[in-house]
Amino acid sequence: MKIPFVARLVSVVLVLGLVACAADEERLSSLYFAERVGGPFAASQIMVLETDGGPARQLTSTADADNDEPDLSPDGTLVAFASKRDFPPPTGGWVQNPTLRMIYLMNSDGTNQRRLTTNSLAACSEHNPRFSPDGRWIVFDMSCDDVAPSSISRLYRVRVDGSGQELSLIHI
């Protein structure tokens, strides 16, 4: 049974690039990743693959909004991720920047999904949420440019309860 899992793990890492892992003291227990569910043009959803076998389980479900870039908290109870779900769909000839995201948090079983950050700027995008080693903060990058999201990017942090969002100028 270990060979099929290893083969699936290698293919997941090669295709997706970003994978969050949960491990107990002895072994890897689960992998969290994003996958396009429903075809190559479908929205990305957060999935979990348990290493003891079985198919991957879908944790998010938003028909027209990508959910991706998952990170698992150090204690394995929470998953931070980036999502497009609160950005309005394009209307009236306006083309939405496909990279716009905000940071969300959910329990590791997919329950209690909630928006974590308070970004209200339509031209700003938040990416790459990562838990601090103590699990109290989530660090992410925010870029504010409606043309090229990588033009100006700053590192922010927010507490896991959603409070204290600030530009991060210090190490956490």
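To be clear, the structure that these remarks concern was listed above.
What you see is a predicted model, and the numbers here were worked out from it, not measured in a lab.

1. Digging into the overall build of the chain
Inference 1: From N to C terminus, the chain includes 1 helix and 12 strands.
Inference 2: Counted from the first residue to the last, the chain has its helices and strands arranged as α-β-β-β-β-β-β-β-β-β-β-β-β.
Inference 3: Among the 172 residues that make up the chain, the fraction classed as buried is 41%.
Inference 4: Contacts spanning at least 24 positions in sequence make up 35% of the contacts within the chain whose residues lie at least 6 apart.
Inference 5: Accessible surface computed for the chain: about 9500 Å², of which carbon and sulfur atoms make up 57%.

2. A word on unusual backbone geometry
One can expect most non-glycine residues to show negative phi and most peptide bonds to be in trans.
Inference 1: Look at Asn112: it is not a glycine, yet its phi comes out positive at around 60 degrees.
Inference 2: Owing to a relative accessible area of 45%, Asn112 belongs among the partly exposed residues under this scheme.
Inference 3: One non-glycine residue, Asn128, lies in positive phi territory at about 55 degrees.
Inference 4: Looking at where Asn128 falls in the secondary structure, it is placed in strand β9 (residues 124–131).
Inference 5: Classification of Asn128 as partly exposed rests on a relative accessible area of 32%.

3. Topic: the pattern of salt bridges
Inference 1: For the structure shown, the criterion picks out 5 salt bridges.
Inference 2: The residue Asp66 makes a salt bridge to Arg36 at a minimum N-O spacing of 3.2 Å. Of this pair, Asp66 sits in the loop between β4 (57–58) and β5 (67–72) while Arg36 sits in strand β2 (residues 28–36), placing them 30 residues apart in sequence.
Inference 3: Where Arg57 meets Glu50, a salt bridge forms, and the shortest distance between an N and an O atom there is 3.3 Å.

4. Some thoughts on the side chain of Ser108
Inference 1: With respect to the helices and strands, Ser108 occurs in the loop between β7 (102–107) and β8 (114–115).
Inference 2: A residue is classified by how much of its surface remains accessible, and Ser108, at 18% relative accessible area, is buried.
Inference 3: If we ignore the near neighbours within four places in the chain, the residues touching Ser108 are Tyr32, Leu59, Leu72, Gly76, Thr77, Leu78 and Val79.

5. Overview of the pairing of β9
Inference 1: Within β9, 6 of the 8 residues are buried, which leaves the element mostly enclosed by the surrounding structure.
Inference 2: The turn linking β9 back onto strand β10 (residues 137–144) is made up of 5 residues, and Gly135 within it adopts a positive phi angle of 75 degrees.

6. Let's talk about the sheet that holds strand β6 (residues 78–83)
Inference 1: Sheet architecture is open: 4 strands sit in the order β5-β6-β7-β8, paired in antiparallel fashion. Edge positions in the sheet fall to β5 and β8, since each has one partner strand and no second.
Inference 2: Pairing of β6 with β7, which is carried by 6 bridges, proceeds in the antiparallel orientation. Looking across to β7, one finds that Ala80 is bridged to Leu105.

Parameters and conventions
- Residues numbered from 1 in each chain as written.
- Predicted model: local features only at pLDDT ≥ 70, side-chain atom pairs only at ≥ 80, totals over all residues.
- Heavy atoms only, no water.
- Helix = DSSP H or I, 4+ residues; strand = E, 2+ residues; numbered from the N terminus.
- Buried < 20%, exposed > 50% of the residue type's maximum accessible area, 1.4 Å probe, protein only.
- Contact = heavy atoms within 4.5 Å.
- Areas by Shrake-Rupley, 256 points an atom, 1.4 Å probe, with all protein chains shown as cover.
- Salt bridge = Lys/Arg side-chain N within 4 Å of Asp/Glu carboxyl O.
- Pairing = 2+ DSSP bridges.

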